[in-house]
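Residue-level structure breakdown
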Amino acid sequence: MDNKLLVENRECGEFTACCVELTIEDPDLVKLPGVKCKNLHKSGGCKIYNERPKTCRDWYCMWRFMPQLSNEWRPDLKGVMIKRVFNNIPPGYEGKIALNFEIIGKKSAIHDMDFFEVLGGYIVQGFPCFISTSKPRRAANMVLLNNKLLPLYETRNLELLKSTLSDALNHSAKQHSDLLSIKDGKVISKSSGLF
Ligand code: SF4
């Protein structure tokens, strides 16, 4: 995304969850998802902030781009990091911005009305939305939500929405996901080669 589209006056501050959650493959730093970066200071903050790799300078979660998200949606507060998805966009959604709602904190994050409203807004507008749980050193199991949730949003069936969303999150958590490792400066999947 173009950094000119960042929400004005919104800063990450001391928040450093992306220094744990992100997969980084940069000439200067290779790091697995869900693992603390070696440069992350114990008390928070980057030890090499002024010389941090390009990926760290350029990458922002969607909270930084979406003015409609309140400050409570800062990922460490909400327990949800919204990431833009660029690969494996399902047929029928080509050209749309795809979003993964990655649960990085308590699963109960998906049960508040604010979460339902924001997620529903994107689903009803036809943006492909996924959910996944953060698992250290594992590829994310992203579960597409649109097909099952769209009819429930249209009929405002809140109870069924809640249970369907929980099922999707459990499915993501329980499904086998590839164990990742680093080889020759690349993140690789132990079972299927390059990630
Ligand atoms: S190099 Fe610094 S900014 Fe980049 S992931 Fe590590 S701690 Fe975070």
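Bear in mind the structure is a predicted one, so any value in this text is a computation, not a measurement. Think of each chain on its own: its residues are numbered from 1, step by step along the sequence as written. For a predicted model such as this one, the threshold for reporting local features is a pLDDT of at least 70, and the threshold for listing and counting side-chain atom pairs is 80 or more; totals across whole chains, interfaces and linings nevertheless cover every residue. Each side-chain value is worked out from all heavy atoms of the structure, with water and hydrogens disregarded.

Looking now at the overall build of the protein chain. Here a strand is any run of E in DSSP of at least two residues, a helix any run of H or I of at least four, and the numbering for each starts at the N terminus. Counting its regular elements, the protein chain contains 6 helices and 9 strands. Projected onto the principal axes, the alpha-carbon positions of the protein chain cover approximately 50 × 45 × 30 Å. The burial tally for the protein chain puts 43% of its 195 residues in the buried class. Restricting the contact set of the protein chain to residue pairs at least 6 apart, pairs at least 24 apart contribute 58%. All accessibility values rest on the Shrake-Rupley procedure with a 1.4 Å probe; residue burial counts only the protein chains present in the view. Split by element, the accessible area of the protein chain, about 11,100 Å² in all, is 52% carbon and sulfur. Each charge class in the protein chain was averaged separately, 28 positive and 22 negative side chains, and the resulting centres sit 6 Å apart. Each residue's exposure class comes from its accessible area (1.4 Å probe, protein chains only) as a fraction of the maximum for that residue type: buried when under 20%, exposed when over 50%, partly exposed otherwise. Whether two residues are in contact is decided by their heavy atoms: any pair within 4.5 Å suffices. Note on charges: Lys and Arg go in the positive column, Asp and Glu in the negative column, and His and the chain ends are not counted at all. Lysine's charge is taken at NZ, arginine's at CZ, aspartate's at CG and glutamate's at CD.

Before going further, it helps to examine the sheet that holds strand β3 (residues 80–85). For two strands to be treated as a pair, DSSP must find no fewer than two bridges joining them. Reading across from one edge, β3-β4-β5-β6 is the order of the 4 strands in this open sheet, with mixed pairing throughout. For this open sheet the edge positions go to β3 and β6 (143–144), each flanked by a neighbour on one side alone. Note: strand β4 (residues 98–103) against strand β5 (residues 129–133), 5 bridges, orientation parallel. Bridge pairing in β5 links isoleucine 103 to threonine 133. Here helix α4 (residues 113–124) sits on the sheet in contact with β3, β4 and β5, set at roughly 160 degrees to β4. Fitted lines through C-alpha atoms serve as axes, helices being fitted only where they are in contact, and the angles separating the N-to-C directions of these axes extend from 0 to 180 degrees.

On to the pairing of strand β8 (residues 186–189), then. Two strands pair when backbone bridges link them, and strand β7 (residues 180–183) and β8 are joined in this way by 4 bridges, in the antiparallel orientation. Opposite isoleucine 182, over in β8, you have valine 187 as the bridge partner. Connecting β7 to the next strand, β8, in antiparallel fashion are 2 residues, including aspartate 184 with a positive phi near 50 degrees.

We now examine unusual backbone geometry. Backbone geometry at asparagine 9 places phi at a positive 60 degrees, although glycine is not the residue there. By the secondary structure assignment, asparagine 9 is in the segment before α1 (18–21). Of note, arginine 156 is a non-glycine position whose phi angle comes to about 55 degrees, a positive value. Structurally, arginine 156 is set in the loop between α5 (146–154) and α6 (158–174).

Turning to the pattern of salt bridges, a few remarks are in order. A pairing counts as a salt bridge when a side-chain nitrogen of Lys or Arg comes within 4 Å of a carboxyl oxygen of Asp or Glu. Using the criterion set out here, one finds 7 salt bridges in the structure. For the salt bridge of aspartate 58 with lysine 54, the shortest nitrogen-to-oxygen distance reads 2.4 Å. Taken together, the residues aspartate 58 and lysine 54, both in helix α2 (residues 54–58) and 4 residues apart, mark about one turn of the helix. Its relative accessible area of 56% is what places lysine 54 among the exposed residues. Residues arginine 156 and glutamate 117 are paired through a salt bridge, measuring 3.2 Å at the closest nitrogen-oxygen approach. Placement of arginine 156 in the loop between α5 and α6 and of glutamate 117 in helix α4 is noted, with a sequence separation of 39 residues between them. Here the salt bridges share partners, and the residues they tie into one network are Glu14, Arg74 and Asp76.

Now for the packing of α4 against α5. Interaxial distance between α4 and α5 falls to 10 Å at its minimum, and their mutual angle equals 105 degrees. Compared by their axis directions, α4 and α5 come out roughly perpendicular. Facing α4, whose interface residues are Phe116, Leu119, Gly120, Ile123 and Val124, α5 presents Asn146, Leu149, Leu150 and Tyr153. Under the convention adopted here, Pro, Cys and the residues Ala, Val, Leu, Ile, Met, Phe, Trp and Tyr are nonpolar, Asp, Glu, Lys and Arg are charged, and Gly plus all remaining residues are polar. Split into classes, the residues belonging to the contact of α4 with α5 amount to 7 nonpolar, 2 polar and no charged. By definition in this entry, angles of less than 35 degrees are roughly parallel, angles greater than 145 are roughly antiparallel, angles of 65 to 115 are roughly perpendicular, and the rest are oblique.

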